[in-house]
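The lines below spell out each chain.
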Amino acid sequence: MPSRKYPFHVNVAETEDILVQSLSEILERCSSKALKNRQTFRVGISGGSLVQLLTRALVASKLKTDCWKFFFCDERYVPDDDNESTFNAYRTEMHAKLPTILESQLIKANTTISLDACACDYAARIIDEFGTSCVVFDLLLLGMGPDGHTCSLFPDRPQFQVHTEQLVIPIRDSPKPPLERITFTLPLINNANDVVFVVTGASKADVVKRVFIDGDKSFPSAWVEPTHGNLTLITDKAAGAKLLSSDCSTSLNRC
Ligand SMILES: O=C(O)[C@H](O)[C@@H](O)[C@H](O)[C@H](O)COP(=O)(O)O
């Protein structure tokens, strides 16, 4: 494993129910820690399978979420009511299963303006919500694709490594459709108190090992290295298969 300057935890969950339970526990721990000091718990969320998994974790946890705000770690540059919109996916899923979460708690991007303006506007919205440009999320929930992308930071794209002051950047050439997106930058991601990857499916087994065990920096996910927070990896059995068979299995939690 690469030497790390931050706490790193791994859970390989035997079943999807156990994975959802791990996620519920993280939500409970991070929200209660945040709400001890402040009135709002601020969490960054991602699309893909996380939409259903997070909704299930929230339903199972029965946590009170009225002081929570949900931000989008990345968003596809499509109208709000488009089937491709991550905001729309959460709105639909939560509306049906978590009716106490109001749409106003989902801080969405304005995709009616130009792509550049959309990224700037979303950064301004975040700064406004935090009341400072030194933005520290309480929790970021990230997915990872089989190509090692996370948020909308894709391999072989120069943007993902940049040392930028920007919190949110536009992406015009995403290899995964749609082409145009906005995404949190690495400095914003790495400034969070807790960053949690939730990765499922056998197609990710190899890249999970290459990112989290080998620390292979050709994958954007391997650049997620919290400066002061914790990094947690939760996988299902299929995505974590090569972790369990590697020499590092003794340092992993199986649950
Ligand atoms: O905008 C997107 O294209 C998705 O949000 C995408 O980035 C997703 O988060 C990962 O590909 C992991 O998705 P799965 O967990 O569904 O594999």
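Residues numbered from 1 in each chain as written. Predicted model: local features only at pLDDT ≥ 70, side-chain atom pairs only at ≥ 80, totals over all residues. Heavy atoms only, no water.

Q: Can you lay out the site of the ligand for me, pointing to particular residues and giving the numbers?
A: In the region of the ligand, the neighbouring residues are Gly-47, Gly-48, Ser-49, Asp-74, Arg-76, Met-144, Gly-145, His-149, Cys-151, Lys-176, Arg-181 and Lys-204. With respect to the ligand, the side chain of Ser-49 contributes an N or O atom lying 2.5 Å from an oxygen atom. Within the side chain of Lys-176, a nitrogen or oxygen atom sits 3.1 Å from an oxygen atom of the ligand. In isolation the ligand has 420 Å² of accessible area, and contact with the protein removes 87% of it. Of the residues in the shell around the ligand, the class split is two nonpolar, five polar and five charged. (Near = heavy atom within 4 Å. Polar contact = N/O pair within 3.5 Å; in protein donor to acceptor, adjacent residues only side chain to side chain. Areas by Shrake-Rupley, 256 points an atom, 1.4 Å probe, with all protein chains shown as cover. Nonpolar A, V, L, I, M, F, W, Y, C, P; charged D, E, K, R; others polar.)

Q: So what's going on with the packing of aromatic side chains? Residues and values would help.
A: Counted under the stated rule, the structure contains ten aromatic pairs. When the ring of Phe-8 is compared with that of Phe-212, the centres are 6.1 Å apart and the planes differ by 10°; the resulting orientation is stacked. Residue Phe-8 is located in strand β1 (residues 8–13), and its partner Phe-212 is located in helix α6 (residues 205–212); the two are separated by 204 residues in the primary sequence. Accessibility assignment for this pair places Phe-8 and Phe-212 in one class, buried. The structure contains a cluster of three or more aromatic residues connected by ring pairs, namely Phe-71, Phe-130, Phe-137 and Phe-184. Looking at Arg-4, its charged tip hangs above the ring of Phe-8, at a distance of 3.9 Å from the centre. Its guanidinium or amino end placed over the ring of Phe-87, Lys-108 lies 5.6 Å from that ring's centre, counting from NZ or CZ. (Phe/Tyr/Trp six-rings, centres within 6.5 Å; stacked < 30°, edge-to-face > 60°. Helix = DSSP H or I, 4+ residues; strand = E, 2+ residues; numbered from the N terminus. Buried < 20%, exposed > 50% of the residue type's maximum accessible area, 1.4 Å probe, protein only. Lys NZ or Arg CZ within 6 Å of the ring centre and 35° of its normal.)

Q: Can you explain the packing of helix α1 (residues 16–37) against helix α2 (residues 50–61)? Please cite residues and give values.
A: Closest axis-to-axis distance for the α1/α2 pair is 8 Å, and the angle between their directions is 70°. As judged from the angle between their axes, α1 and α2 are roughly perpendicular. For the crossing formed where α1 meets α2, the hand is right-handed. Contacts from Glu-16, Asp-17, Leu-19, Val-20, Leu-23, Ser-24 and Leu-27 in α1 reach Leu-50, Leu-53, Leu-54, Arg-56, Ala-57, Leu-58, Ala-60 and Ser-61 in α2. Looking at the contact of α1 with α2 residue by residue, the class counts come to ten nonpolar, two polar and three charged. (Axes fitted to C-alpha atoms, helices over the stretch in contact; angles between N-to-C directions. Parallel < 35°, antiparallel > 145°, perpendicular 65-115°, else oblique. Left-handed = near helix turned anticlockwise from the far one by under 90°. Contact = heavy atoms within 4.5 Å.)

Q: Go over the confidence of the model for the protein, please, and point to the residues and values.
A: Averaged over all residues, the pLDDT of the protein is 94; the fraction at 70 or higher stands at 95%. The low-confidence segment residues 247–251 (pLDDT under 50) makes six contacts with residues lying over four places distant or belonging to another chain. Overall fold confidence for the complex sits at a pTM of 0.95, while the interface term, ipTM, reaches 0.97. (pLDDT = per-residue confidence, 0-100.)

Q: Could you give an account of the sheet that holds strand β8 (residues 181–184), naming the residues involved and the relevant values?
A: Spatially, the three strands line up as an open sheet ordered β4-β8-β7, and their pairing is antiparallel. Since the sheet does not close on itself, it has two edges, and those belong to β4 (74–76) and β7 (168–171), each with one partner. Recorded for the sheet is a direction-independent mean angle of 15° between the axes of neighbouring strands. Both β4 and β8 contribute to a ladder of three bridges, which runs antiparallel. Of the residues in β8, the one forming a bridge with Asp-74 is Thr-183. On the sheet, helix α4 (residues 115–130) packs against β7 and β8 and is oriented at approximately 160° with respect to β7. (Pairing = 2+ DSSP bridges.)

Q: Please provide a residue-by-residue account of the environment of Ser-152, values included.
A: Tracing the sequence through the fold places Ser-152 in the loop between β6 (139–142) and β7. Given the relative accessible area of 1%, Ser-152 is considered buried. For Ser-152 and Thr-183, which are 31 residues apart along the polypeptide, the C-alpha to C-alpha distance reads 5.4 Å. Those residues in contact with Ser-152, other than ones at most four positions away along the chain, are Asp-74, Ile-171, Arg-181, Ile-182 and Thr-183. In this structure the side chain of Ser-152 is engaged in a polar contact, spanning 2.6 Å, whose partner is the side chain of Asp-74.

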